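Observations on chain architecture
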Amino acid sequence: MPVDLSGTWNMVSNENFEGYMLALGIDFATRKIAKMVKPQKVIKQNGDSFTIQTLSTFRNYLVQFKIGEEFDEDTKGLDNRKCKSLVTWDNDRLTCIQKGEKANRGWTHWIEGDELYLEMFCEGQVCKQRFQRA
Ligand code: 1AG
């Protein structure tokens, strides 16, 4: 039985988002605004099917996938790239590899205590975010 990440989660900390955005080539003005926002994650987990919404006053982002099935991801509104993405469980960590123009790109979600963790990585930069239930 895998863990259930479902729920509405509010960001409480965000470490090295700047480095991660720089690795993705995000321009200065966008980075300044993006750093200010505290996004909410709305996760729906149904067996192997997931919907993850990242909601903020600045931009919203939606991704839907099934465990073990590679899909075409268009990071529209973020860095606007196309990736071949694959999400799997690494023990209790939901892990995505985003193959594309950028090397070593992906993310990992897991729960520890009552908190949801997210690490996003790209070309050696790691952004660490923490969320609490809304
Ligand atoms: C994600 O989360 C994307 C969530 O895959 C967005 C987080 C970082 C943004 C990535 C690149 C920065 C580009 C532009 C910045 C603009 C807005 C940032 C704030 C608003 C976010 C919508 C991993 C996982 C599944 O939860 O999506």
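Residues numbered from 1 in each chain as written. Predicted model: local features only at pLDDT ≥ 70, side-chain atom pairs only at ≥ 80, totals over all residues. Heavy atoms only, no water.

An unreviewed UniProt entry lists the protein chain under the name Retinol binding protein 7, with Sarcophilus harrisii given as the organism. Regarding the protein chain, the relevant UniProt record gives this comment under Sequence similarities (unreviewed entry): "Belongs to the calycin superfamily. Fatty-acid binding protein (FABP) family." (UniProt positions renumbered as here; feature names shortened; annotations may be inferred.)

Moving on, we get to the pattern of salt bridges. In the structure shown here, the tally under the stated rule is 11 salt bridges. A salt bridge links D74 to K82, with the nearest nitrogen and oxygen atoms 3.5 Å apart. The residue K102 makes a salt bridge to E123 at a minimum N-O spacing of 3.8 Å. Placement of the pair is K102 in the loop between β7 (93-99) and β8 (106-112) and E123 in the loop between β9 (115-122) and β10 (125-133), with a sequence separation of 21 residues. K102 sits in the buried class, given a relative accessible area of 17%. Linked by salt bridges that have partners in common, D79, R81, E101 and R105 make up one network. (Salt bridge = Lys/Arg side-chain N within 4 Å of Asp/Glu carboxyl O. Helix = DSSP H or I, 4+ residues; strand = E, 2+ residues; numbered from the N terminus. Buried < 20%, exposed > 50% of the residue type's maximum accessible area, 1.4 Å probe, protein only.)

As a structural note, the neighbourhood of the ligand is formed by 19 residues, with F17, I26, K41, V63 and H109 the closest of them. The contact in question runs from an oxygen atom of the ligand to an N or O atom on the side chain of K41, over 2.6 Å. Residue H109 places a side-chain N or O atom 2.8 Å away from an oxygen atom belonging to the ligand. Against a free-state accessible area of 630 Å², the protein chains account for coverage of 97% of the ligand. With 3 residues, the single largest contributor to the shell around the ligand is helix α1 (residues 17-23). Considered class by class, the residues forming the shell around the ligand number 14 nonpolar, 3 polar and 2 charged. (Near = heavy atom within 4 Å. Polar contact = N/O pair within 3.5 Å; in protein donor to acceptor, adjacent residues only side chain to side chain. Areas by Shrake-Rupley, 256 points an atom, 1.4 Å probe, with all protein chains shown as cover. Nonpolar A, V, L, I, M, F, W, Y, C, P; charged D, E, K, R; others polar.)

Let us look at the sheet that holds strand β5 (residues 71-74). Pairing is antiparallel in the open sheet, where 10 strands are placed in the order β4-β3-β2-β1-β10-β9-β8-β7-β6-β5. Since the sheet does not close on itself, it has two edges, and those belong to β4 (60-66) and β5, each with one partner. Neighbour-to-neighbour, the strand axes of this sheet turn through a mean angle of 25°, independent of strand direction. With 4 bridges connecting them, β7 and β8 associate as antiparallel partners. What sits directly across from T95, in β8, is T108. (Pairing = 2+ DSSP bridges. Axes fitted to C-alpha atoms, helices over the stretch in contact; angles between N-to-C directions.)

Turning to the packing of aromatic side chains, a few remarks are in order. Tallied over the entire structure, the rule returns 5 aromatic pairs. Plain terms: the ring middles of F65 and F71 are 5.9 Å apart, the flat faces sit at 15° to each other, and that makes the pair stacked. Assigned by exposure class, F65 and F71 land together as buried. In this structure, R93 is placed above the aromatic ring of W110, and the distance from its NZ or CZ to the ring centre is 3.8 Å. (Phe/Tyr/Trp six-rings, centres within 6.5 Å; stacked < 30°, edge-to-face > 60°. Lys NZ or Arg CZ within 6 Å of the ring centre and 35° of its normal.)

Before going further, it helps to spend a moment on the state of the cysteines. With the rule as written, the count across this model stands at 0 disulfides. The closest cysteine sulfur to the non-disulfide-bonded C96 is located on C83, 8.1 Å from its own sulfur. Free of any disulfide, C122 has its nearest cysteine sulfur in C83, 8.9 Å distant. Taking the relative accessible area as the measure of exposure, C122 reaches 0% and is therefore buried. (Disulfide = S-S within 2.5 Å.)

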